[in-house]
Amino acid sequence: MDLLTALDRGFTEFGQRVEYIGDDQWSADTPCTEWSVRDLVNHLIGEHLWAPWLLKGASVAEVGDRFDGDVGGDDPRGAWEAASAVSQPAFHRPGALELRVDTTMGPLDAEEYGWQMTIDLTVHAWDLARGIGVVDRLDPELAGALLERVAPQAEEWQGHGIFAPPVKVPADAPAQDQLVALLGRTP
């Protein structure tokens with residue numbers, strides 16, 4: 001699966017879960033132990049407000065703290081829709097994936113940055129589904145593609161404290177279960 005197909009599916013997975021959030025569920029817990037549903041959505045809003053800037057060559061210093069704090073405001077669902085409406089096309093802009101982007105973890109090829117954003121969208125779609133009690137099944141082809149990308153990097157990412165230690169699952173578990181387990185979640 002190519003990056004843009006995976007990214008678009010990741011946007012769909014996360015966006016669908018955001019639509020399912022009930023008005024009384026924003027403070028619900030998620031598998032991300034420090035984040036409520038609102039915190040989780042706020043994290044993705046912030047990430048996707050950053051993306052167009054970085055994909056146009058802005059540095060982390062130039063973006064600064066403009067997307068820190070509560071970027072969801074009074075309408076986190078609408079804020080997510082607005083953020084995704086600028087982020088998704090930024091990745092599709094001709095030449096965008098040929099750049100190097102500045103990130104908080106240092107410079108990355110834009111394509112690698114895109115894969116990381118896709119992983120974030122997809123795994124957090126699962127987290128969000130668990131938090132609000134809806135079906136957590138992800139697109140199986142997307143889960144398989146991401147598992148292939150994550151497996152070689154998971155140990156390094158855990159060394160940076162990005163994810164909790166992996167959870168053991170059977171070797172024949174579905175790709176989705178292997179993916180979330182590799183990133184410290186109990187399927």
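These lines cover the structure that appears in this document, whether it is placed above or below. What you see is a predicted model; the values in this text were computed from it and never measured.

On strand E1 (residues 100-103), burial follows the alternation: Val-101 and Thr-103 on one face are buried, whereas Arg-100 and Asp-102 on the facing-out side are not. In terms of strand pairing, E1 meets strand E2 (residues 106-109) through 4 bridges, oriented antiparallel. Looking across to E2, one finds that Val-101 is bridged to Leu-108. Turn length for the E1-E2 hairpin, with the two strands adjacent in sequence and antiparallel, is 2 residues.

Further remarks concern the packing of aromatic side chains. Inspection of every chain in the model, using the stated rule, returns 4 aromatic pairs. Connected via pairs of aromatic rings, a cluster forms that spans Phe-11, Phe-14 and Trp-80. Here Arg-66 stacks its cationic end above the ring of Trp-53, 4.1 Å away from the centre of that ring.

Glancing now at helix H4 (residues 76-92). Helix length check: H4, at 17 residues, gives a terminal C-alpha distance of 24 Å against a target of 24 Å (1.5 Å per residue), a fit within 8%. Considering only its buried residues, H4 is in contact with helix H1 (3-20), helix H2 (37-54) and helix H5 (110-132).

With that settled, consider the nonpolar core. Core analysis: the largest hydrophobic core is formed by 50 residues, its most contacted members being Phe-14, Ile-21, Val-41, Trp-80, Tyr-113 and Leu-128. When residues of this core are traced back to their parent elements, those giving at least two are H1, H2, H4, H5, helix H6 (140-150) and helix H8 (175-182). With 11 residues, H5 is the largest single contributor of residues to this core. Beyond its immediate chain neighbours, meaning those up to four positions away, Trp-80 contacts Phe-11, Phe-14, Gly-15, Val-18, Val-41, Leu-44, Ile-45, His-48 and Leu-121.

Here the focus is H2. Across its 18 residues, H2 extends 26 Å between first and last C-alpha, which sits within 8% of the 26 Å expected from 1.5 Å per residue. By the burial criterion, the buried members of H2 are Val-37, Leu-40, Val-41, Asn-42, Leu-44, Ile-45, Gly-46, His-48, Trp-50, Ala-51, Pro-52 and Leu-54. The elements touched by buried residues of H2 are H1, helix H3 (60-63), H4, E1 and H5.

What follows is about the pattern of salt bridges. Side chains carrying opposite charge are able to pair once their charged atoms draw close together. The final tally for this structure, using the stated rule, is 9 salt bridges. Here Arg-137 ties to Asp-177 by a salt bridge, and the two come within 3.5 Å at their closest N and O atoms. Of this pair, Arg-137 sits in the loop between H5 and H6 while Asp-177 sits in helix H8, and the two are 40 residues apart along the sequence. A single network of salt bridges, built from pairs that share partners, joins Arg-9, Asp-139 and Glu-141.

Each value, and the rule that gives it
Residues numbered from 1 in each chain as written. Predicted model: local features only at pLDDT ≥ 70, side-chain atom pairs only at ≥ 80, totals over all residues. Heavy atoms only, no water. Buried < 20%, exposed > 50% of the residue type's maximum accessible area, 1.4 Å probe, protein only. Helix = DSSP H or I, 4+ residues; strand = E, 2+ residues; numbered from the N terminus. Pairing = 2+ DSSP bridges. Phe/Tyr/Trp six-rings, centres within 6.5 Å; stacked < 30°, edge-to-face > 60°. Lys NZ or Arg CZ within 6 Å of the ring centre and 35° of its normal. Expected span 1.5 Å × (residues − 1). Contact = heavy atoms within 4.5 Å. Core = buried A, V, L, I, M, F, W, Y, C linked by side-chain atoms within 4.5 Å. Salt bridge = Lys/Arg side-chain N within 4 Å of Asp/Glu carboxyl O.

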